[in-house]
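Coordinate inspection notes
Read off the chains here:
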Amino acid sequence: MSNAFKQFYRFYSETNFNESMKRGIAMKIGFIGVGNMAQALIHGMRIEHAEWQLFGFDIYAPSLERAAANDGLIALSSAAEVIEKVDIVVLAIKPQQYDGLLKEISSSIRKEQIIVTIAIGFDIARTQSYFAEPMKIVRAMPNTPALIGQGVTGVSFSEAVTDAEHDAARTMFASCGTVVDITEAEFNIFGAVAGSLPAYVYIMTEALADAAVQYGLGRAASYEIISQAISGSAAMVNATNMHPAQLKDQVCSPNGTTIAAVDALEREGFRHALMAAVQACMTRTKELDK
Ligand SMILES: NC(=O)C1=CN([C@@H]2O[C@H](COP(=O)(O)OP(=O)(O)OC[C@H]3O[C@@H](n4cnc5c(N)ncnc54)[C@H](OP(=O)(O)O)[C@@H]3O)[C@@H](O)[C@H]2O)C=CC1
Ligand SMILES: O=C(O)[C@@H]1CCC=N1
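Residues numbered from 1 in each chain as written. Chains lettered and ligands numbered in written order. Predicted model: local features only at pLDDT ≥ 70, side-chain atom pairs only at ≥ 80, totals over all residues. Heavy atoms only, no water.

By the naming in an unreviewed UniProt entry, the protein is Pyrroline-5-carboxylate reductase, taken from Culicoidibacter larvae. Its UniProt record, at the heading Function (unreviewed entry), says of the protein: "Catalyzes the reduction of 1-pyrroline-5-carboxylate (PCA) to L-proline." Under the Subcellular location (unreviewed entry) heading, UniProt states for the protein: "Cytoplasm". (UniProt positions renumbered as here; feature names shortened; annotations may be inferred.)

Have a look at this one:
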């Protein structure tokens, strides 16, 4: 465990996480690739933890500049510089760029550092294959609502990651929402129903708003109303623990309007469209995992 982690966990075990953070113990986290997903994570982390030191490098300078201006990211000029400064290195580049980057950085990553991968279809064994010694690898699958602290992230760990480091990684992602321990075998499906899911919901929101506008509601009001109705409905599933079908039945009055809408959704293949989307996601994930 690095000195920074030892220090962090001494305080963590004596107090609780928030108290230790108030005492100014800062995690040092570095991002290689500061695109859509990294920017969401950085913002989520920054909202919760002003004291964490967040570093980053991206070959596309405007992304770096944005994260530096919005969230106090310390912009560096190479991946090697990021690696030199941090305890946790998050690889936040596209899956197709992982092999090239790992080849480039494998000799500079230190054994005591934690490597976090967030790419779809890139397992721990593939990351480990770039190193001679067993490395501390955290495989994670976040989603973009991390930006507002409402993400959900699946995590798995290589054997070299200690219990304290498991907690450190969970703490890091917990600042962006919920963290769920999943097995490596569950990653691809987790990506399809959590990592990619925001896109499905945004399409649904846009389509419903188009219909609302068609019937005279304003565009901005439509987005506000529909997004609140979606988040409230989604929250009901966890809060009541009721079967989604029961919750649906509560909305459908006999011979009412909702059952007419449900009839149309079934005729148009709404359920199967969603299952087909997940199946397409899984197929593409397998293609990337080669
Ligand atoms: N977006 C999402 O919702 C989610 C994404 N992920 C995973 O997160 C990862 C990143 O995705 P996303 O943020 O969407 O991708 P982006 O393309 O938005 O961001 C990646 C950034 O990294 C830059 N980059 C490429 N190579 C390097 C390098 N060698 N050093 C530094 N920067 C580099 C890219 O530049 P350039 O574009 O010029 O190549 C780009 O700016 C992917 O592996 C994806 O699977 C996981 C869950 C959800
Ligand atoms: O589309 C992608 O490849 C990434 C993985 C999960 C969400 N977005």
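Here the narrative resumes, following the displayed structure.
Turning our attention to the domain arrangement of the protein. Accessible area lost upon the coming together of the parts serves often as the stated size of an interface. Per the domain assignment, the segments of the protein are domain 1 (3-194) and domain 2 (198-288). Using C-alpha coordinates to define each centre, domain 1 is positioned 32 Å away from domain 2. Counting from both sides, the interface comprises 13 residues of domain 1 and, opposite them, nine residues of domain 2. By the criterion of area lost to domain 2, the three top residues of domain 1 are I120, N188 and A192, representing 44% of everything that side buries. Viewed at the interface, domain 2 and domain 1 are joined by zero salt bridges. Viewed at the interface, domain 2 and domain 1 are joined by one residue pair in polar contact (both at pLDDT 80 or more). For the side of domain 1 that touches domain 2, the element with the highest residue contribution is helix α9 (residues 187-195), accounting for five residues. Among the residues making up the side of domain 1 that touches domain 2, the classes are represented as seven nonpolar, five polar and one charged. (Domains from an automatic or database assignment. Contact = heavy atoms within 4.5 Å. Buried area = accessible area lost by both parts, 1.4 Å probe. Salt bridge = Lys/Arg side-chain N within 4 Å of Asp/Glu carboxyl O. Polar contact = N/O pair within 3.5 Å; in protein donor to acceptor, adjacent residues only side chain to side chain. Helix = DSSP H or I, 4+ residues; strand = E, 2+ residues; numbered from the N terminus. Nonpolar A, V, L, I, M, F, W, Y, C, P; charged D, E, K, R; others polar.)

For the rest of this paragraph, the subject is the nonpolar core. The biggest cluster of nonpolar side chains holds 54 residues, and the ones touching the most others in it are I29, F31, V116 and M172. Broken down by element, the residue count for this core peaks at six residues, all from helix α3 (residues 36-48). Non-local contacts of M172, meaning those with residues more than four positions away in its chain, are made with M27, I29, M45, W52, I88, V90 and V116. Counting five residues, the second largest nonpolar core, distinct from the first, contains M141, F187, F190 and A194. (Core = buried A, V, L, I, M, F, W, Y, C linked by side-chain atoms within 4.5 Å. Buried < 20%, exposed > 50% of the residue type's maximum accessible area, 1.4 Å probe, protein only.)

Remark: helix α10 (residues 197-214) packs on helix α11 (residues 219-240), axes separated minimally by 9 Å, with the N-to-C direction vectors making an angle of 130°. Judged on the interaxial angle alone, α11 and α10 are oblique. Our pair here, α10 against α11, has a crossing hand that is right-handed. Of the residues in α11, those in contact with V201, M204, T205, E206, L208, A209, D210, A212 and V213 of α10 are R219, S222, Y223, I226 and I230. (Axes fitted to C-alpha atoms, helices over the stretch in contact; angles between N-to-C directions. Parallel < 35°, antiparallel > 145°, perpendicular 65-115°, else oblique. Left-handed = near helix turned anticlockwise from the far one by under 90°.)

Turning our attention to the site of ligand 1. Contacts to ligand 1 come from 22 residues, most closely from M37, D58, I93, K94 and Q97. The backbone of I93 places a nitrogen or oxygen atom 2.6 Å from an oxygen atom of ligand 1. For ligand 1, the accessible surface in isolation is 890 Å², of which the surrounding protein chains cover 77%. Partitioned by chemical class, the residues of the shell around ligand 1 number 15 nonpolar, five polar and two charged. (Near = heavy atom within 4 Å. Areas by Shrake-Rupley, 256 points an atom, 1.4 Å probe, with all protein chains shown as cover.)

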